[in-house]
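Summary of structural features
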Amino acid sequence: TSDAGDNKRTVQVWNVATGKETHAVGVGQRYLENVVFTPDSKTLATVGSDVRFWDPSTGRERIRTQGVTKYFDTKFAFSPDSKTLATASYSGTIRLWDVATAELKATPEGHTNQPGGIDFSPDGKRVVTSDGRIIVWNPATGEPLVVVPGGDWIKGDGFSANGARFSCYIGDQFVVYDTSNGRQL
């Protein structure tokens, strides 16, 4: 990404095989926090003051979310099937977006601080987030499945390849938990 000095962000798409820029996308988002491809590489998302979904082959915007919050999203993760985007904002708000329609699917509640991480399980059936505690969610309903109390700043959460465990840093300690019950291993 680049900034022309007027807060009009530009995302440059490059062909990694040739090392050449294929096109630049003027995203126009005042606050642009992250740029990420879906796992299937068919959609590019720009995440910040809103969420915009782009066709990476043409550089054209497909659809965008509309004025949801004054706190922009800072953490994000796509579901393995590329159909859902999970975002987390400075305010602690978690949102689950439909990538095809940009509609808000769910707003799970439970965090009061900015999450230090967000991730989907490999099968897409769970989302893990963390602030002062860790919450494993059902992304279809937004309901919490497991809540692990914390206290220290928690960051860098993620699932094992089979989804049976999730890990994170609590302070400076690396910790692994059982996904089914939240017990520390």
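Right above here is the structure, for reference.
Let me sum up the structure you'll find in this document. Model, not experiment: these values are computed from the prediction. (Residues numbered from 1 in each chain as written. Predicted model: local features only at pLDDT ≥ 70, side-chain atom pairs only at ≥ 80, totals over all residues. Heavy atoms only, no water.)

What to know about the overall build of the protein
A tally of helices and strands in the protein yields 0 helices and 18 strands. Residues counted as buried form 45% of the 185 residues belonging to the protein. Look at the contacts in the protein between residues 6 or more apart in sequence, and 33% of them connect residues 24 or more apart. With an accessible surface of roughly 9500 Å², the protein has 46% of that area assigned to carbon and sulfur atoms. (Helix = DSSP H or I, 4+ residues; strand = E, 2+ residues; numbered from the N terminus. Buried < 20%, exposed > 50% of the residue type's maximum accessible area, 1.4 Å probe, protein only. Contact = heavy atoms within 4.5 Å. Areas by Shrake-Rupley, 256 points an atom, 1.4 Å probe, with all protein chains shown as cover.)

Side note on the side chain of threonine 129
As for its placement among the helices and strands, threonine 129 is situated in strand E13 (residues 127–130). By relative accessible area, threonine 129 is classed as buried at 0%. Only 2.7 Å separates the side chain of threonine 129 from the side chain of tryptophan 137, close enough to count as a polar contact. (Polar contact = N/O pair within 3.5 Å; in protein donor to acceptor, adjacent residues only side chain to side chain.)

Examining the pairing of strand E14 (residues 134–137)
Alternating residues of E14 divide into Ile134 and Val136 and Ile135 and Trp137, and every residue in both groups is buried. Sheet topology note: the E13/E14 ladder contains 4 bridges and is antiparallel. Paired with serine 130 across the strands is isoleucine 134, a residue of E14. Hairpin connection from E13 to E14: 3 residues lie between these consecutive antiparallel strands. As judged from the 4 bridges shared by E14 and strand E15 (residues 144–148), these two strands associate in the antiparallel manner. Looking at E15, one finds that tryptophan 137 is bridged to proline 144. The antiparallel hairpin formed by E14 and E15 contains 6 residues in its connecting segment, where glycine 142 sits at a positive phi of about 80 degrees. (Pairing = 2+ DSSP bridges.)

Section: the sheet that holds E13
Across the sheet, which stays open at both edges, the 4 strands sit in the order E12-E13-E14-E15 with antiparallel pairing between neighbours. The open sheet has two edge strands with one neighbour each: strand E12 (117–120) and E15. Neighbour-to-neighbour, the strand axes of the sheet open up by a mean angle of 15 degrees, direction not taken into account. Of the pairings in the sheet, the one linking E12 to E13 comprises 4 bridges and is antiparallel in character. If you follow isoleucine 118 over to E13, its bridge partner there is threonine 129. (Axes fitted to C-alpha atoms, helices over the stretch in contact; angles between N-to-C directions.)

Bear in mind that shape data such as this cannot, by itself, settle questions of function.
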